[in-house]
Amino acid sequence: MTITDERASNPAAGGADRPIGYGRIQRKEDPRFIRGKGNYIDDIVLPGMLHSAILRAPVAHATLVSIDTTRALAHPGVVAVITGKDLLGLKLAWAPTLSADVQAVLVTDKVRFQGQEVAFVVANDRYAARDALELIDVEYDVLPPVIDARKALDPGAPVIRTDIEGKTDNHIFDWEAGDAAETDAVFASADVVISQEIVYPRVHPAPMETCGAVADYEPIEGHLTLYETTQAPHAHRTLFAIVAGIPEHKIRIVSPDIGGGFGNKVGIYPGYILAVVGSIVTGKPVKWVEDRSENLMSTSFARDYIMQGEIAATKDGTILALRTNVLADHGAFNATAQPTKYPAGFFHIFTGSYDLKAAHCKVTGVYTNKAPGGVAYACSFRVTEAVYLVERLVDILARKLEMDPAELRIKNFIQPEQFPYKNKTGWEYDSGNYEPAMRLSMQIAGYEELRREQKEKRERGELMGIGVSFFTETVGAGPRKHMDIVGLGMADGAELRVHPTGKAVVRLSVQSQGQGHETTFAQIVAEELGIPPEDIDVVHGDTDQTPFGLGTYGSRSTPVSGAAVALVARKVRDKARFIAAAMLETRPEDLEWEKGRWFVKGDPSIGKTIAEISMGAHGTVELPEGIDGNLDAEVTYDPPNLTFPFGAYICVVDIDPGTGHVKVRRFIAVDDCGTRINPMIIEGQVHGGLTDGVGMALMEIIQFDEDGNNLGGSFMDYLIPTAMEVPNWETGFTVTPSPHHPIGAKGVGESATVGSPPAVVNAVVDALAPFGVVHMDMPCTPGRVWEAMQGRPRPPI
Amino acid sequence: MQIPAPFDYARASSVDDALALLERHGPESLIVAGGHSLLPMMKLRLARPEWLIDINDLFELDFIVRDGDRLRVGAMTRHTTLFESDEVRRLFPIITDAERTIADPVVRNRGTIGGSLCQADPAEDLSTVCIVLGAEAVIRGTAGERVVSMAEFHVGPYETSVAHNELLVEVRLPIRPRSGSAYEKVERRVGDWAVAAAGASVSLAEDGTIDHVAIGLTAIGLDGTVTEAEAMLHGKAPSEELFVEAGRLAALACDPLADQRGAIDYKRHLADELTRRVLRRASSRAAEAQEG
């Protein structure tokens, strides 16, 4: 790892003379995690609490003929067995998804994917509930499934969504961005056009903690307290009010410590709703926690994009245009979590980091007999797919033109003076300075030396590959006028209270799943108010304790909530100026701010610290007109634009020519996320994302057989990388602040997940160049690499 | 949490006690040693024993002892113990090679050689190793002990000749002079089951020709050893040409299935490639042993 002295080299991170605020400090939340004192869903125990289990469909597509729960109800310890029929009576059999579709909570008419929820057992303990599942007698009439998305729109394909009136096919949406005619014209006159099918297979976020809930419905007052694994507690509260018909002021959602989210915990799953139903029916708290197989088989998957991509360029290597047609497999229900106007998420950022003349994309979404979901696994609303597509195409172009892939990228970068840059599909990139980041990663890698080594190795028949990727992310959704989820604008609130002794509490609408919010947000307040981070408590994850906002996903916490927190601290600081002036018997405009203190201009010895001012505010100081006796403030931040972090990644692989086994030898990641609040947390995020990326590139895939059986339903089948598969990460950074963000910060949580898969695959394909391989799809397992070496690479689906 | 079907549990205090418990609880009782195969199967409800007989207190079965021209390994010897044993590395480097690729340290700390052999998973590494080394299995029942060859021990996938009321107590490995052995596995990820693996043991005559050779394959559909290749190599001086031919014969001998780990032609290719590699390494180790 490359550790540079952040304070010395990065003025935005706080110089040596500014000890409080930004910088490399240890995470405030770590002591409780390290000591085993975290409080996760399965740690929650309420008096009289019951347990539950879900019966899941063994087949992918089948008419439900009958369910007999008699034997299960007779099982010792079983309190209730709930079926779809029961839910129909409660009008809860179907729930709205986050994409204007509906999803079955329990099957009423037919099964639409293997692992779908069929019945719900509530029992005195987890064992009785699980055992009783085997005593529910279900008769299915098996139907032919639609598994291959390429065949979903065939005229004779079985119709999956017979519940939608008049539905005669499996089509969900067509969506496009950019100018098709203009793009076609540029393509028609280009020297070089490359076309390649590029598949991003279905993968799963697989957080360490699976999904779960504890529902506690109190019937006398009609209060529902729902402990949930959710990345978006406030949005869930509103949705539960809509779904369950419980008045919103009587719903409290608590998201305790969350063991990883990666988008897996954005949506509302049937299990959450069933826990609520179970509590209403039994009058007792009900816990539901899914097991690993349930998590892998039924909760939000990610990707599943079949992309036909094309790139046009001049023969001297000027990239002119990009176009793509995408077939998007959304599974049995369209339940992707993304802003309403963007059914393909932010995929139209597929123009990447390059200055193009034209671009056009078209995405067609289809239903298949697979689990629903689609936006998850740290994908920044489909930026992952977009970046993978463009970075593979640029690499193929470099090969075709016999140009160095790093130099080809540099040649085509959007130039610093072009920012804010409007791309051809409607985005306005806020800031960027790409070449220094690319050059820095090449310098850390020793790029030229690596190319020399590769040349020598090739002559000896050894397979070494160097993969380059450069990504631009679009994160921090988003401006309310453009972006909402089920009608809720994507803004976030923050409340700050400074107590009389100068200690503070800041309340957030976003929810950490491991990102270190309790530290980062304390540091933002510390930087703005000049009080130490350890004197600031960060409260999040409880809708009764925090202001409204849309939650944590799509790398939006720092871009949106981070801005809210900086602004609320500035509001407090401004208020403190008035109070300090009253205390010092001077005018506010005669005071000057230095970190932590207002002092009299020209006489720094006379001033008041935030703690003194707060005591004054809460004490007996005669306050100016219009100033309340506190040091509190609140804001709701509506971002004017998204932020556009970027990065330059280089991966070095060695491939065993006899077995096709890929070893990632080195990985260099240079990230630019604007102002860096806590570099250690940023590096932690980057390390995790790079590991994700190596996993996807080399081994992760949820496959199905032709009957729709999920072949990735356990960690024996769905492989995630271990420490053995990843190298010692080499990280570096540049700092290009966001011009519209109050502290210049951009999101970084997903950058590495987005940017690393193309670097790894580009390295593998580069290593296989002597075999004439120009493309191979993920995952690059030994067998698939060997097939590519034989001249017959296969799509994984 | 994946929840197994209900079961009862007894902890054996000795081999005789374990045998008595098996007898008492009948055919629906199963022995648990390291538990790294059985417990996942129980959690997935693929295995549903009524009783688990835990033999983790049977410390008398945890030993590695040289006894003349054989090495005796107790059935409860943990993978880690085998992996870290200098004597094992010196006598049977194939075991050290294989152990390095078995799962991860956490699994190796619990898993045992006896458990691995009795699980008889087609992708199990130590079964191949024991076949290649010509091991014998010592099986004890209430009526006494019997000793069987690996060919007799191994009946088929997940099936051995250890009867329900018997216990594998020991594995005996013959020590041959001027020998070398090696194992190599291809896996998609550390800890995944093998895509394919191969093991070989080579013993040289005093003149440097191959006096004894055994080649085994893992996870690609071969019971026993690659006898055609062994016959071809016997009596000849080790050479790259012979290894290439042996690899070709191994590819013909195996009968792999296509799955997520790889296609049939790829796995046949690995039989060839890995056979050549392990023969190369085993021969060179044998030559070193000869010099040493």
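The rules behind each value
- Residues numbered from 1 in each chain as written.
- Chains lettered and ligands numbered in written order.
- Predicted model: local features only at pLDDT ≥ 70, side-chain atom pairs only at ≥ 80, totals over all residues.
- Heavy atoms only, no water.
- Helix = DSSP H or I, 4+ residues; strand = E, 2+ residues; numbered from the N terminus.
- Rg over C-alpha atoms; globule rule 2.2 N^0.38 Å.
- Lys, Arg positive; Asp, Glu negative; His and termini not counted.
- Charge placed at Lys NZ, Arg CZ, Asp CG, Glu CD.
- Buried < 20%, exposed > 50% of the residue type's maximum accessible area, 1.4 Å probe, protein only.
- Contact = heavy atoms within 4.5 Å.
- Axes fitted to C-alpha atoms, helices over the stretch in contact; angles between N-to-C directions.
- Left-handed = near helix turned anticlockwise from the far one by under 90°.
- Nonpolar A, V, L, I, M, F, W, Y, C, P; charged D, E, K, R; others polar.
- Core = buried A, V, L, I, M, F, W, Y, C linked by side-chain atoms within 4.5 Å.
- Domains from an automatic or database assignment.
- Pairing = 2+ DSSP bridges.
- Parallel < 35°, antiparallel > 145°, perpendicular 65-115°, else oblique.
- Buried area = accessible area lost by both parts, 1.4 Å probe.
- Salt bridge = Lys/Arg side-chain N within 4 Å of Asp/Glu carboxyl O.
- Expected span 1.5 Å × (residues − 1).
- UniProt positions renumbered as here; feature names shortened; annotations may be inferred.
- Polar contact = N/O pair within 3.5 Å; in protein donor to acceptor, adjacent residues only side chain to side chain.
- Right-handed = clockwise from strand over helix to strand, strands pointing away.

## Let's talk about the overall build of chain A
Here comes step 1: A tally of helices and strands in chain A yields 19 helices and 34 strands.
Here comes step 2: The C-alpha atoms of chain A give 27 Å as radius of gyration, which agrees with the globular expectation for 797 residues (28 Å, within 12%).
Here comes step 3: By its C-alpha atoms, chain A is 85 × 75 × 50 Å across when sized along the principal axes.
Here comes step 4: Side chains of chain A give 74 positive and 104 negative charges; the mean places of these two sets differ by 2 Å.

## Quick word on the overall build of chain B
Here comes step 1: A count of helical and extended segments in chain B gives twelve helices and 13 strands.
Here comes step 2: Relative to a compact globule of 292 residues, whose C-alpha radius of gyration would be 19 Å, chain B shows 19 Å and is just as compact.
Here comes step 3: Judged by the C-alpha coordinates and their principal axes, chain B covers about 55 × 45 × 30 Å.
Here comes step 4: For chain B, the proportion of its 292 residues judged to be buried stands at 57%.
Here comes step 5: Within chain B, residue pairs in contact and separated by at least 24 positions form 64% of the contacts whose partners lie at least 6 positions apart.

## Some thoughts on the packing of helix 11 (residues 240–253) of chain B against helix 12 (residues 264–291) of chain B
All names here are of chain B.
Here comes step 1: Running from N to C, helix 11 and helix 12 cross one another at 145°; their axes reach a closest spacing of 7 Å. Seen from above, helix 11 lies across helix 12 with right-handed handedness. Taken together, the residues of helix 12 that come into contact with helix 11 (itself represented by Glu240, Phe243, Val244, Ala246, Gly247, Arg248, Ala250, Ala251 and Leu252) are Arg268, Ala271, Asp272, Thr275, Arg276, Leu279, Arg280 and Ser283.
Here comes step 2: Residues that form the contact of helix 11 with helix 12 fall into these classes: eight nonpolar, three polar and six charged.

## Overview of the environment of Asp184 of chain A
Here comes step 1: Mapped onto the secondary structure, Asp184 of chain A falls in helix 6 (residues 180–188).
Here comes step 2: A sequence separation of 139 residues divides Asp184 of chain A from Arg323 of chain A, and the C-alpha atoms of the two residues are 8.5 Å apart.

## Considerations on the side chain of Thr128 of chain B
Here comes step 1: Topologically, Thr128 of chain B is positioned in helix 8 (residues 125–132).
Here comes step 2: What makes Thr128 of chain B buried here is its relative accessible area of 7%.

## Some points on the nonpolar core
All names here are of chain A.
Here comes step 1: Grouped together as the largest cluster of nonpolar side chains are 166 residues, with contacts concentrated most on Phe347, Met438 and Leu768.
Here comes step 2: Counting only domains with at least three residues in this core, you end up with domain 1 (44–143 + 206–298) and domain 2 (430–475 + 643–796).
Here comes step 3: Beyond its immediate chain neighbours, meaning those up to four positions away, Leu768 contacts Leu463, Ile655, Val773, Met776, Val785, Ala788 and Met789.
Here comes step 4: In terms of nonpolar packing, the next biggest core, distinct from the first, is built from 44 residues, Ala522, Ala526, Val538 and Ile627 among them.

## Some points on the sheet that holds strand 32 (residues 646–655) of chain A
All names here are of chain A.
Here comes step 1: If you walk across this open sheet you meet the four strands as 22-32-33-34, and the pairing is mixed. The open sheet has two edge strands, strand 22 (463–472) and strand 34 (730–733), and neither has a second partner. Each neighbouring strand pair of the sheet contributes to a mean axis angle of 15°, computed without reference to strand direction.
Here comes step 2: Note: strand 32 against strand 33 (residues 662–672), ten bridges, orientation antiparallel. Its bridge partner being in strand 33, Ile655 is matched across the sheet by Val662.

## Topic: the environment of Val111 of chain A
Here comes step 1: Among the structural elements, Val111 of chain A can be located in strand 6 (residues 110–111).
Here comes step 2: Beyond its immediate chain neighbours, meaning those up to four positions away, Val111 of chain A contacts Ala57, Val59, Ala60, His61, Ala62, Gln116 and Tyr140 of chain A.

## What to know about the packing of helix 10 (residues 383–401) of chain A against helix 18 (residues 751–767) of chain A
All names here are of chain A.
Here comes step 1: Put simply, helix 10 and helix 18 touch, their axes get as near as 8 Å, and they point 30° apart. Judged by the angle between their axes, helix 10 and helix 18 are roughly parallel. In this structure, helix 10 meets helix 18 at a crossing whose hand is right-handed. Residues Val383, Thr384, Val387, Tyr388, Glu391, Arg392, Asp395 and Arg399 of helix 10 form the contact with helix 18, whose participating residues are Thr753, Val754, Pro757, Pro758, Val761, Asn762, Val765 and Asp766.
Here comes step 2: For the contact of helix 10 with helix 18, the per-class residue count stands at eight nonpolar, three polar and five charged.

## Points about the interface of chain A and chain B
Here comes step 1: If you look at the interface, chain A gives 30 residues, while chain B gives 25 residues.
Here comes step 2: Interface area for chain A against chain B, summed over the two sides, is near 2500 Å², with a carbon-plus-sulfur share of 53%.
Here comes step 3: Interface area lost by chain A to chain B is led by Met716, Leu719 and Trp786 of chain A, which between them contribute 21%.
Here comes step 4: Applying the counting rule to chain A against chain B returns five salt bridges.

## As for the domain arrangement of chain A
Residues and elements named next belong to chain A.
Here comes step 1: The domains assigned to chain A are domain 1 (44–143 + 206–298), domain 2 (430–475 + 643–796) and domain 3 (492–637).
Here comes step 2: Relative to domain 3, the C-alpha centre of domain 1 lies at a distance of 41 Å.
Here comes step 3: Carbon and sulfur atoms make up 51% of the surface buried where domain 1 meets domain 3, a total of about 1300 Å² over both sides.
Here comes step 4: In terms of surface lost to domain 3, no three residues of domain 1 exceed Gln231, His234 and Arg252, which account for 43% of the buried area on that side.
Here comes step 5: Scanning the region where domain 1 abuts domain 3 turns up two salt bridges.

## A word on helix 17 (residues 679–698) of chain A
Here comes step 1: The first and last C-alpha atoms of helix 17 of chain A sit 28 Å apart over 20 residues, in line with the 28 Å expected at 1.5 Å per residue.
Here comes step 2: Of all 20 residues that make up helix 17 of chain A, 14 are buried, and the element is covered over most of its length.

## Looking at the UniProt feature "domain: FAD-binding PCMH-type" (unreviewed entry) in chain B
Here comes step 1: Here the UniProt feature "domain: FAD-binding PCMH-type" (unreviewed entry) sits at residues 2–178 of chain B.
Here comes step 2: Across residues 2–178 of chain B, helical content stands at 36% and strand content at 26%; the span's end C-alpha atoms are separated by 50 Å.

## Points about the domain arrangement of chain B
Where the parts come together, the accessible area they lose is often given as the size of the interface.
Residues and elements named next belong to chain B.
Here comes step 1: Here chain B is described as being made up of domain 1 (8–54), domain 2 (62–174) and domain 3 (179–291).
Here comes step 2: On the domain 2 side, the residues contacting the 15 residues of domain 1 number 16 residues.
Here comes step 3: Of the roughly 1200 Å² buried between domain 1 and domain 2 on both sides combined, carbon and sulfur atoms contribute 68%.
Here comes step 4: The largest per-residue losses of area from domain 1 upon contact with domain 2 belong to Leu19, Ala33 and His36, which jointly make up 39% of the total buried on that side.
Here comes step 5: Connecting domain 1 to domain 2 are zero salt bridges.
Here comes step 6: Put simply, domain 1 and domain 2 have two residue pairs in polar contact (both at pLDDT 80 or more) between them.
Here comes step 7: Breaking the side of domain 1 that touches domain 2 down by element, the ones donating at least two residues are helix 1 (15–25) and strand 2 (29–32).
Here comes step 8: With six residues, the top contributor of residues to the side of domain 1 that touches domain 2 is helix 1.

## Considerations on the sheet that holds strand 7 (residues 144–149) of chain B
Residues and elements named next belong to chain B.
Here comes step 1: As summarised here, the arrangement of the five strands in space is 4-5-10-6-7, forming an open sheet in which the pairing is antiparallel. In this open sheet, the two edge strands, each paired with only one partner strand, are strand 4 (64–67) and strand 7. Pairs of neighbouring strands in the sheet enclose a mean axial angle of 25°, with direction left out of account.
Here comes step 2: Across six bridges, strand 6 (residues 136–141) lies against strand 7 in antiparallel orientation. Pairing of Ala137 across the sheet is with Val148, part of strand 7.

## Details of the pairing of strand 34 of chain A
Residues and elements named next belong to chain A.
Here comes step 1: The side-chain alternation of strand 34 yields two buried faces, one formed by Glu730 and Gly732 and the other by Thr731 and Phe733.
Here comes step 2: As paired strands, strand 33 and strand 34 are joined by four bridges and run parallel to one another. Opposite Val670, over in strand 34, you have Gly732 as the bridge partner.
Here comes step 3: Handedness of the β-α-β unit built from strand 33, helix 17 and strand 34 comes out right-handed.

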